[in-house]
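Each chain is listed here by its residues.
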Amino acid sequence: MHTIARTHSSHNYGFLLAIIYEITNRQQTSMKQKISLFTTASEYEKLPYYSFNAISLKTIHSYSETPNMNSLTAAAVNETPEAASGPKENPYRSILNAQRKAFMANGVLSFEQRIAHLDTLKRAIGEFKDPLIEAVMSDFGHRNEVETIATEVIAPAGEIGFTKSKLKGWMKHRRVRPTLQTLGGTGKILYQPKGVIGVMGAWNYPASLSLSPLIGAMAAGNHCMVRPSDLSPATTEVMKQMLAKHFEDNYITVIDGDVNASIAFSELPFDHLVYTGGTQVGSMVMQAAAKNLTPVTLEMGGKSPVIIADDADMNRAIESILMGKLINSGQTCIAPDYILIPEQMKERFIELCSENIAQRYPSLAQNDDITWIINERHFQRIQGLIDDAKEKGARVIQVNPASETIPEGKRIIPPTLITDVNDDMEVMREEIFGPLLPVLGYQKMDDAIQYINDRPRPLALYYFGKNNQRAIDTVYSTTSGGACVNETMLHVSHNNMPFGGIGPSGLGGYHGFDGFVEFSHKKSVYYQGPISPAKWIKPPYAPKAKSVMTWVANKVTG
């Protein structure tokens, strides 16, 4: 069984938490020994890309002198709990306390107040759209403006519009039918705001992956603290200015800073915590939240497969697959990760796919339509996947129509098809999160389904084929966070459906009504009528009580 090692977002403090995880589970090995294992020249380069978001080698070595670290706080302040003079106050606790105090003082926000806040957020996005676009460009080095406008401006603004149009209906108390035991009474479900929601965003869509859960939290009537990724500092700064201008800190605030800020943030006793990032770090966030009994929503990733059936429209499938794979240069949590296709169709698929890519990107070096890889570490990681596949016998086809040499400093990876792959290759063991597309042949559909089911559950699954029943059977025979038939990725934009993963790809879900519910307390309220059945269930019991109850028990169990 393979494990998912890479996911779609910032993994704000993955390496530090990985170190802590190792130490707390293997006390007999000192931190210095662990660091020496990780930082040898060869092993250092193999570490997951999310391990280096904000920690330099110098910082890592400073931790190596700290034995027996057993808490995130100790790691953050670079001291052991024993050496500390006392418990360190979380630097953001005062903000949380202020928000909680304001939440209690203001009471449950009305429909009109929530709409007004959503309108304000929408105006703020419009006002700051140009600085947001520039900031995202700065964080990536280069990112296509069309993709940025669509994902970072239009998507959250559209979600606000949808939320506003549905919110009154969502907020209504829902009456439920009585049961035999509650005849004479009525039941209702109330959606109450939880309180203060913590949002940990992601770097690959640095504005929208913080704004989308924020929209759901606001619609549910909560206050919110937002911690964007430390890998997108320019976008974080713009968002901080944008939200500070339009909202009070005791309602919405943005927390910036380095990896230590992320650690402290995860330790706060929120009423709900949303994390978008990697499976490995998501586990650590969940452990930190568990200490406060904080409910969590984890949006992670995985190796999202594509199944192409023998009756699929090949050209249509390729159009959709490349849209999903190449937008943001593959740095998307639900991007198609690998292709499963009938063996006899594999070479034709590779040929048509190469032609389509060449039409999309006739040049690479000076093409404004190409988004760069987020940073040098991630760039080298993807290049390492290619090199590893080549060394282990894969056929690598890089589509570079003009045969250009990419200038040094431009973090551009040509769209790359990889075939003749096997499970020993890193590209088949880790989420790719880049413009690489492995292509595997299969003999029978059952083989493709078994291949998927033998691996960790992915965030998305994509099926292409004309036979609707086979599509339904495939979707039901596999387990994934979501799925599309004859399309990729667009399920995430359907606000009437929840978005989320399962198992290693996530926990919980949001968007639309499901986001409203995720960030609400679903309270059951029972209203008793004039006659209560409880009066018949009290001592001293009538002589016939046992015989009557026995008769009822026989009826309900028989």
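Note that the structure is a prediction, hence the values are computed from the model and not measured. (Residues numbered from 1 in each chain as written. Predicted model: local features only at pLDDT ≥ 70, side-chain atom pairs only at ≥ 80, totals over all residues. Heavy atoms only, no water.)

With respect to the side chain of T151
When you line up the elements, T151 lands in helix α9 (residues 145-171). The residues touching T151, leaving out its near neighbours within four places in the chain, are R143, P156, Y205 and S208. (Helix = DSSP H or I, 4+ residues; strand = E, 2+ residues; numbered from the N terminus. Contact = heavy atoms within 4.5 Å.)

Describing a negative patch on the surface
A cluster of like negative charges, contributed by D130, E134, E145, D368 and D369, occupies part of the molecular surface. Along the chain, the position of D368 falls in the loop between α15 (346-360) and α16 (376-391). (Patch = residues over 30% accessible without salt bridge, like charges linked within 9 Å, V, L, I, M, F, W, Y side chains within 5 Å. Areas by Shrake-Rupley, 256 points an atom, 1.4 Å probe, with all protein chains shown as cover. Salt bridge = Lys/Arg side-chain N within 4 Å of Asp/Glu carboxyl O. Lys, Arg positive; Asp, Glu negative; His and termini not counted. Charge placed at Lys NZ, Arg CZ, Asp CG, Glu CD.)

Details of the packing of helix α7 (residues 111-127) against α9
Between α7 and α9, whose axes approach to 10 Å, the crossing angle comes to 170°. Regarding the angle of α7 to α9, the classification is roughly antiparallel. Together, F111, R114, I115, L118, D119, L121, K122 and I125 of α7 and V153, P156, A157, I160, G161, T163, K164, L167, K168 and M171 of α9 make up the contact between the two elements. A class-by-class count of the residues in the contact of α7 with α9 yields 11 nonpolar, two polar and five charged. (Axes fitted to C-alpha atoms, helices over the stretch in contact; angles between N-to-C directions. Parallel < 35°, antiparallel > 145°, perpendicular 65-115°, else oblique. Nonpolar A, V, L, I, M, F, W, Y, C, P; charged D, E, K, R; others polar.)

Focus: the sheet that holds strand β5 (residues 252-254)
Taken in spatial order, the six strands line up as β5-β4-β3-β6-β7-β15 in an open sheet, and their pairing is mixed. Strands with a single pairing partner mark the edges of an open sheet, and in this sheet they are β5 and β15 (506-507). (Pairing = 2+ DSSP bridges.)

Brief notes about the packing of aromatic side chains
Counting across every chain of the model gives 12 aromatic pairs. Seen in terms of ring centroids, F513 and F516 are 6.2 Å apart; in terms of plane orientation they differ by 25°. Their pairing is stacked. Of this pair, F513 and F516 are both found in helix α19 (residues 512-518), three residues apart, which corresponds to roughly one turn of the helix. By the ring-pair criterion, three or more aromatic residues cluster together here, those being F162, W170, Y191, F513 and F516. Cation over ring: R143 sits above F140, and NZ or CZ is 4.9 Å from the ring centre. Residue placement shows K188 over the ring face of Y527; its charged tip is 5.6 Å from the ring centre. (Phe/Tyr/Trp six-rings, centres within 6.5 Å; stacked < 30°, edge-to-face > 60°. Lys NZ or Arg CZ within 6 Å of the ring centre and 35° of its normal.)

Digging into the environment of T371
The residue T371 is located in the loop between α15 and α16 in this model. The spacing of T371 and N144 is 227 residues in sequence and 5.5 Å in space, taken between C-alpha atoms. Ignoring anything within four residues of it in the chain, the contact list for T371 reads F140, H142, R143, N144, E147, N328, S329 and Q331. A polar contact is formed between the side chain of T371 and the side chain of E147, at a distance of 3.2 Å. (Polar contact = N/O pair within 3.5 Å; in protein donor to acceptor, adjacent residues only side chain to side chain.)

Here we look at the nonpolar core
Among the nonpolar cores identified, the biggest contains 41 residues, and L121 and L214 are the most heavily contacted of them. Dropping the residues within four chain positions of it, L214 is found in contact with L121, V199, C224, V226, L243 and I252. Core analysis: the second largest hydrophobic core is formed by 39 residues, A317, L322, I370 and F499 among them. (Core = buried A, V, L, I, M, F, W, Y, C linked by side-chain atoms within 4.5 Å. Buried < 20%, exposed > 50% of the residue type's maximum accessible area, 1.4 Å probe, protein only.)

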